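# Chain and residue survey
Here are the chains, one letter per residue:
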Amino acid sequence: YCFPFASEAMHKIFGVRPEEVRENASKVFALLHPEDYDDIMTSIQISTKDLTQWSEEFRVKHDNGEVRWLFGNSIPEREPDGSVLWHGFITDITKQKLIEQELTESQQRWKFAIEGSGDGVWDVNVQTQEANYSKRWKEMLGFDENEGLASRKEWIKRIHPDDKARVLAAGDAYLEGRADTYIVEYRLKSKDGDYRWMQSRGMLVSKDAAGKPLRMIGTQTDITERINAQLTLQQTREELELTLDRFKDLYEFAPIGYLTINKHGLISQINWRACAMLGMDRHSLMDKRIAEFIDEDDKQRWSRMYQSIKALEVGEELSFDIKFRLNNGNTFHGNLNCIKAEEIDGQSIRITLEDITTIKKSEAESRIAAIAFETNDGLMITDAEKSILKVNKAFTKITGYSDDEVVGKNPHMFASGRHDAAFFAAMWESINNSGQWSGEIWNKRKNGELFPEKLTITAVKTDKGIITNYVGTVTDISYIKAAADEIQQLAFFDSLTRLPNRRLLMDRLKQALASSARSGRQGAVLFLDLDHFKVLNDSRGHDVGDLLLQQVAERLTLCVRVGDTVARLGGDEYVVVLEDLSGDGLETAAQTETITKKIIDALNQPYWLDEHEHHSTPSIGISIFGEQPITMEELLKQADIAMYQAKKAGRNTMRFFNPQMQTTITARVSLERELRKAIDKKQFALYYQIQVDNTGQKLGAEALIRWVHPERGLVSPAQFIPLAEETGLILPIGNWVLDAACAQIKAWHKNALTRDLTLSINVSAKQFRQADFVAQVKSAIERHSIDPMQLKLELTESLLLDNIEETIQSMSALGELGVQFSLDDFGTGYSSLQYLKKLPLYQLKIDQSFVRDIVTDSHDRSIVRTIIAMAQSLYLNVIAEGVETEQQKELLLSHGCKRYQGYLFGKPVPIKEFNAALKILPRQDY
Ligand code: C2E
Ligand code: CA
Ligand code: CA
């Protein structure tokens, strides 16, 4: 080592002249302090080897024993010859070192003292950011004495983010001279991650040569406990204040007024709400009396109540409603609740005051609403989700559902199924757009019945337009219908007799003409006028006349069928419209005549008018419609003309408008007259038609009546039996047949060939329905002393079904005698198997209409087959009538029918012929 160059200062520092060390450096090295020598030499060697900067503080010891601190700094460089050349300087730092040392020593003492107090100590070089933190400092954060934390930067990292800026600013302010002291309170992150509150105090202890701050030292105290306590306190205080505020608000702005009346009866305390209610500020209300604010109407009551309040014991309460009137004239209903309290300065009354005006009003309103709710219309209220909240009694009456059964349900439960989804969609669209829908809708009652109702749905909305409810109003249309009926009654009915008036008559007539044109069935219009009605009216007054008109109306109504019309045109004129008569002109006339006769008969019966018997007769004109087109007016006119003809003919009679028809009627009348004569003169005969079985055995005969007319010859029953039935002449005729038949059976007894034959007779409905029919048959049997088993009665289906219970009774009674029954014309009417089972029948007689076409018509064939099968299943005997050909017989036989009647075996013939034929035809032939 050598120093190729050394400055003059080298001499000052080392006391060695530069020339002396130019060749050999050992003189310099010899001066190094023995304690530092090894370190210096090592660092020089390392620096030489690595060519890194060398920088050291070290001591030299002079011969006189003086020790000086030096600071050397040098950069090594490699020379071209491989040697290393150092450039550097050396400074004497002895003075600084001494200060520093002194400082450090005092600091150490100070530090020790502080640490004993529990505070931590820190020491920072503000330029290099190097820092020292004491053991206690570290402990406060949970670190070990030996653990890291050697720089200010690390400290900064641990400062709570919220506090960092504030802490650093405080440091800057102090170092820059803007603050006298450095004291900060902040949060520092401990080893376990928790923040702890710290208080740091510090002071600048050294500056560098340029006068810049260099070192700061300070203490740090853990103030977490204190801060927490402070925070808690503050929080509590804040909360307390809030609570107090809240109480204050609660008191002031409560929906109820609070006031206190002192022992003098004056207001001593009052909240904002009560002030607002009484319409004055607090100041003005002080020392006022409540009485000043009571409405005139309630003043007396107030003074009574006030006496009661004063008389209260401490703690006792009194509550009542009273009407207030303010200075501005406004009134409100207040509810007062008064309580007697004991205060320092005597007894007082604490009062709560509540404005119950709206409650009172809504009470009244809800009472009104409750009453209004129960109207005749059904009401249903739903919420916004269409769930039913409430229905009224009328609703229950209409639908059959009670409140309990529908509340909470969707109104869809009433759906009839008659409206499709599009219908309801349109309905709800209307409700949502316009707030309402109204229309007729079919709904379903609880009993399942569908009914039309008028429904109005209204949406109930808030001020802001939000739908809260729907109200459905259901109007019972049947109720409206009843009203409509009433209106109709007035418009279309005669108020005296309740019969249709002219207007309705014309309407009905129009329909009757139309329906007749469609169906081809004819009808008749009867124009009826009471004979000499004017006399009654004039002699006994209108009231009595009215009584007659009413009774005539009743009798007329009873004479016609439900579908027919009886109208009153006014005065004593009536019109009867008969519909659905025959399609045949003659028959229509006959039917009309029968009914008209009935009417004349009914109106001829004595009347009882105001305690007097009265006799009245009608004159009736008849016009038939349906044969040719005719207008209503013409029709009525014709009937009217016919009525005058009836009057002309002497009254109490009828006349047909058509003169030709008149002739027919006359013919019928004469036929009837002749028939009566025929009965008297017994111009009848029985013809006998044989009945046989498949083996040809003769079973018996059917007796068929013939009218042996002196001029006309033999008249077939088809020509007079219907008339006989209508006129009731069938009864004597029927009786004659019964008697004649029994006589014949008796006669047959004498002959072996005829002894076992059965004889069938035809019995008409009217005849059978006679109350004593059973007795008549019985007496005939007894009179002729015949075996009842040989008598067979032929009945028709319609007869049987007419009054089934009565029929069964009569048939059973006769059946017990031994009389047999055959069901005639079977297959043409309607017979329920169930009824057939109940009847004591012996035989079914297949109608000749099926037999006629049995060979050609497969349909008829299958009917016959069915009838036979049915007869077999009911254990009934079956016979076919109208058998004319061998083919028919064979077919019937092939289906199981073994009994026959018809021209094939014999036509109906007089008894002589019949008996003769029995002898001619040997048994085995058939
Ligand atoms: P019905 O009781 O059905 O009598 C059968 C009718 O068929 C009889 O007519 C008879 O002559 C006819 N007939 C019998 N076999 C044949 C045949 O093979 N071919 C055809 N084409 N016809 C046949 P009739 O005697 O003219 O009697 C007509 C109706 O008058 C009877 O029908 C019956 O309903 C009624 N009738 C006859 N006699 C009496 C009676 O004494 N009292 C009552 N209430 N009605 C009677
Ligand atoms: Ca018959
Ligand atoms: Ca028959």
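Scroll up to find the structure.
The present account deals with the structure reproduced in this document. (Residues numbered from 1 in each chain as written. Chains lettered and ligands numbered in written order. Predicted model: local features only at pLDDT ≥ 70, side-chain atom pairs only at ≥ 80, totals over all residues. Heavy atoms only, no water.)

### Let's talk about the overall build of the protein
When helices and strands are tallied, the protein shows 34 helices and 35 strands. Against the globule reference of 29 Å for 926 residues, the protein gives a C-alpha radius of gyration of 68 Å, more extended than a compact globule. Taking the principal axes of the C-alpha coordinates as reference, the protein spans close to 200 × 95 × 55 Å. When burial is assessed residue by residue, the protein has 42% of its 926 residues classed as buried. For the protein, long-range pairs separated by at least 24 residues make up 53% of all intrachain contacts whose partners lie at least 6 apart in sequence. Carbon together with sulfur atoms contributes 52% to the accessible area of the protein, which is approximately 50700 Å² in total. Across the protein, the mean location of the 113 positive side-chain charges is 5 Å away from that of the 135 negative side-chain charges. (Helix = DSSP H or I, 4+ residues; strand = E, 2+ residues; numbered from the N terminus. Rg over C-alpha atoms; globule rule 2.2 N^0.38 Å. Buried < 20%, exposed > 50% of the residue type's maximum accessible area, 1.4 Å probe, protein only. Contact = heavy atoms within 4.5 Å. Areas by Shrake-Rupley, 256 points an atom, 1.4 Å probe, with all protein chains shown as cover. Lys, Arg positive; Asp, Glu negative; His and termini not counted. Charge placed at Lys NZ, Arg CZ, Asp CG, Glu CD.)

### Some remarks on the coordination of the calcium ion (ligand 2)
Tetrahedral metal sites with four donors have an ideal angle of 109.5 degrees; octahedral sites with six donors have ideal angles of 90 or 180 degrees. For the calcium ion (ligand 2), the full set of protein donor atoms is Glu702 (OE), Asn762 (OD1), Glu794 (OE) and Asp824 (OD), at a range of 2.1 to 2.5 Å. When the donor residues of the calcium ion (ligand 2) are listed from N- to C-terminus, their spacing reads E-x59-N-x31-E-x29-D. Taken as an interatomic distance, the gap from the calcium ion (ligand 2) to the calcium ion (ligand 3) is 4.0 Å; Asp824 donates to each of them. Of this pair, Glu794 sits in strand β30 (residues 791-796) while Asp824 is found in strand β31 (residues 820-826), placing the two residues 30 residues apart along the sequence. (Donors = N, O, S within 2.8 Å, 3.2 Å for Na, K, Ca; no water.)

### Side note on the site of ligand 1
Near ligand 1 you find 20 residues, and of these Gln689, Arg706, Gln848, Glu884 and Tyr903 are the closest. Between ligand 1 and the protein, one listed contact pairs an oxygen atom with a side-chain N or O atom of Glu702 at 3.3 Å. One of the side-chain N or O atoms of Gln848 is found 2.8 Å from an oxygen atom in ligand 1. Out of a free accessible area of 790 Å², ligand 1 has 81% covered by protein chains. Judged by the proximity of its atoms to the pocket grid, ligand 1 belongs to the largest pocket. (Near = heavy atom within 4 Å. Polar contact = N/O pair within 3.5 Å; in protein donor to acceptor, adjacent residues only side chain to side chain. 1 Å grid on protein atoms, 1.4 Å probe; cavity = no way out; pocket = protein on both sides within 12 Å on 5 of 7 lines; lining within 4 Å. Sits in = over half its atoms within 2 Å of the grid points.)

### Quick look at the coordination of the calcium ion (ligand 3)
Coordination of the calcium ion (ligand 3) by the protein involves Asp824 (OD), Asp825 (OD), Glu881 (OE) and Glu881 (OE), with metal-donor separations of 2.3 to 2.6 Å. Here the donor residues of the calcium ion (ligand 3) are spaced in sequence according to D-D-x55-E. Among the residues examined, Asp824 registers a relative accessible area of 7% and is labelled buried.

### Quick notes on the packing of helix α27 (residues 773-784) against helix α29 (residues 804-817)
Their axes nearest at 10 Å, the elements α27 and α29 cross at an angle of 15 degrees. As judged from the angle between their axes, α27 and α29 are roughly parallel. Handedness of the α27/α29 crossing: right-handed. Here Phe773, Val774, Val777 and Lys778 of α27 come into contact with α29, specifically with Ser810, Ala813, Leu814 and Leu817. Residue composition of the contact of α27 with α29, by class: six nonpolar, one polar and one charged. (Axes fitted to C-alpha atoms, helices over the stretch in contact; angles between N-to-C directions. Parallel < 35°, antiparallel > 145°, perpendicular 65-115°, else oblique. Left-handed = near helix turned anticlockwise from the far one by under 90°. Nonpolar A, V, L, I, M, F, W, Y, C, P; charged D, E, K, R; others polar.)

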